[in-house]
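Architecture and fold: a report
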Amino acid sequence: MKVLGIETSCDETSAAVIDDDRVLSSIISSQEIHSRFGGVVPELASRAHVRLITPIVRKALQSSGIDYKKLDGIAVTCGPGLVGALLVGVNFVKGLSRALNIPFIGVNHLEGHIYGNLLSQKNYQFPILFLIVSGGHTMLILMKDHLNYQVLGQTRDDAVGEAFDKGAKMLGLGYPGGPEIDRRAKNGDPDFYKFPRAWLKGQNFDFSYSGLKTALLVYLEQNPPSAISKHIDDICASYQAAAVEVLIKKTMNAAKHFGIKYVGVAGGVAANSLLREQLTEECGKQGIIMLLPEPIYCTDNAAMIARAGLEYLNSGITSGQNLNAYPNLKIKSAKKS
Ligand code: KG4
Ligand code: ZN
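Residues numbered from 1 in each chain as written. Chains lettered and ligands numbered in written order. Predicted model: local features only at pLDDT ≥ 70, side-chain atom pairs only at ≥ 80, totals over all residues. Heavy atoms only, no water.

Formed by 50 residues in total, the largest nonpolar core has its most connected members in Leu-131, Phe-195, Tyr-209 and Leu-275. Those elements that provide at least two residues to this core are strand E6 (128-133), strand E7 (138-145), helix H4 (160-170), helix H5 (177-185), helix H6 (210-222), helix H8 (232-257), strand E9 (262-266) and helix H9 (273-285). A per-element tally of this core places H8 first, with 14 residues. Non-local contacts of Leu-275, meaning those with residues more than four positions away in its chain, are made with Leu-131, Val-133, Val-244, Leu-247, Ile-248, Val-265, Val-269 and Ala-270. Within the second largest apolar cluster, 28 residues are counted, among which are Val-107, Tyr-115, Met-143 and Leu-313. (Core = buried A, V, L, I, M, F, W, Y, C linked by side-chain atoms within 4.5 Å. Buried < 20%, exposed > 50% of the residue type's maximum accessible area, 1.4 Å probe, protein only. Helix = DSSP H or I, 4+ residues; strand = E, 2+ residues; numbered from the N terminus. Contact = heavy atoms within 4.5 Å.)

Note that side chains of opposite charge can pair when their charged atoms are close. Counted according to the given criterion, the structure contains 15 salt bridges. Between Asp-19 and Lys-2 there is a salt bridge; the shortest N-O distance is 3.9 Å. Placement of Asp-19 in strand E2 (residues 12-19) and of Lys-2 in strand E1 (residues 2-7) is noted, with a sequence separation of 17 residues between them. The closest approach of N and O atoms between Lys-285 and Glu-281, which form a salt bridge, is 4.0 Å. (Salt bridge = Lys/Arg side-chain N within 4 Å of Asp/Glu carboxyl O.)

Here we come to the domain arrangement of the protein. Segmentation of the protein into domains returns domain 1 (2-114 + 297-314) and domain 2 (126-292). Domain 1 and domain 2 are separated by 27 Å when their C-alpha centres are compared. At the junction of the two partners, domain 1 supplies 16 residues and domain 2 supplies 17 residues. Across the domain 1 to domain 2 interface the summed buried area is about 1,400 Å²; carbon plus sulfur atoms make up 75%. When residues of domain 1 are sorted by the area they lose upon contact with domain 2, Leu-110, Ile-114 and Cys-298 head the list and together hold 42% of the total. Seen at the junction of domain 1 and domain 2, the total is zero salt bridges. If you look at where domain 1 meets domain 2, you find two residue pairs in polar contact (both at pLDDT 80 or more). At the level of elements, helix H3 (109-119) and helix H10 (302-314) are the ones that each hand at least two residues to the side of domain 1 that touches domain 2. Per-element tally for the side of domain 1 that touches domain 2: the top contributor is H3, with four residues. (Domains from an automatic or database assignment. Buried area = accessible area lost by both parts, 1.4 Å probe. Polar contact = N/O pair within 3.5 Å; in protein donor to acceptor, adjacent residues only side chain to side chain.)

Most of strand E4 (residues 73-79) sits out of view: seven of its seven residues are buried. Across four bridges, E1 lies against E4 in parallel orientation. Paired with Ile-6 across the two strands is Val-76, which belongs to E4. Where E4 and strand E5 (residues 104-108) come together, five bridges link them in parallel fashion. Paired with Ile-74 across the strands is Phe-104, a residue of E5. (Pairing = 2+ DSSP bridges.)

With that settled, the discussion passes to the environment of Lys-69. Considering the arrangement of structural elements, one finds Lys-69 in the loop between helix H1 (42-64) and E4. Here Lys-69 falls in the exposed class, since its relative accessible area comes to 67%. Taking the C-alpha atoms as reference points, Lys-69 and Phe-195, 126 residues apart in sequence, are found 55 Å from one another.

With respect to burial, H3 is a largely interior element, eleven of its eleven residues being buried. Turning to H3, its buried residues number three or more, namely His-109, Leu-110, Glu-111, Gly-112, His-113, Ile-114, Tyr-115, Gly-116, Asn-117, Leu-118 and Leu-119. One side-chain oxygen at the N-terminal end of H3 lies 2.8 Å from the backbone nitrogen of Leu-110; it belongs to Asn-108.

The next point concerns the site of ligand 1. Residues in contact with ligand 1 amount to 19 residues; listed here are only the nearest, His-113, Gly-135, Asp-165, Asp-182 and Asp-300. A distance of 3.0 Å separates a nitrogen atom of ligand 1 from a polar side-chain atom of Asn-272. Taken by itself ligand 1 offers 550 Å² of open surface, and the protein chains cover 88% of this. Going through the elements one at a time, H3, H4 and H5 are the ones with two or more residues in the shell around ligand 1. Tallied by class, the residues present in the shell around ligand 1 amount to five nonpolar, eleven polar and three charged. Mapped onto the domain boundaries, the shell around ligand 1 takes at least three residues apiece from domain 1 (2-114 + 297-314) and domain 2 (126-292). (Near = heavy atom within 4 Å. Areas by Shrake-Rupley, 256 points an atom, 1.4 Å probe, with all protein chains shown as cover. Nonpolar A, V, L, I, M, F, W, Y, C, P; charged D, E, K, R; others polar.)

Right under this line is the structure:
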């Protein structure tokens, strides 16, 4: 089945064509305009999507070598995300599906991240424990089968990607901050400063990242700028170590609790080198198979949306012209176990 995927939930305008599990093309345009504001400006994102969507879709079709008449269906992110940004993709796809007379499906962005991971895998079996870590989400999900999810825990405040981005902003590093902290941390000492780890009371799989961010703010206020500027790499390494340790421990606890054999990580923060290294190491020690996504399928892309959409379209599930954009869409099972 040949599926065109479209992703416009935040600041990436992306289109991709897949043929079952094969990615024929994947075009991602990251909107540079936000970097000067140190974060995504929703109105600017929507306007950029409007400008970019037609040329990006055209480019994805051209480089796939597939004529649009050969497409079997279209998948589009319908939430969660920025409402104006989502509406650009959703409305574009509604029109295109009418014009081509092919079905389309609205896909949850988080489900897309999960399928972005599975795009990189040859062998896996359900159930899979997924750690989803992005700019907007930090979640542990038990995937029992295709399109079947149980949320085990999630952040009660900030997402881990947000902690990376806001931390980087406080340190005067660029946006998005995650890759920059990752890069600087490689030359730093993770034991330079002990940032707090939020374990939360009792045996639960929820997260909290607002305290880590505040701890960095307090540290920066209490130390002279000359001392701080000498130790940026060490601060990055210490901050990253605190953020990652909680992710690893909670994931491994959940894996043990549910007797899991396969663990996957998905979302933009899944590109983090310390997280990848330590999760692989911990899973190895427990005899768990680690499913790592290729870095290109960690951050937002439309190939992951196309792959998730394919699963729906193959099951005969489609959306209608009443599909809307849902900024707070929750991940739901389309299939029961
Ligand atoms: O999945 P994504 O592209 O967008 C959302 O759905 O939010 O994730 C973006 C997030 C940003 O917070 C960015 O800083 C973070 O992923 N990120 C990283 C790395 N690469 C991207 N965080 C830590 N280390 C990285 N290497
Ligand atoms: Zn994302």
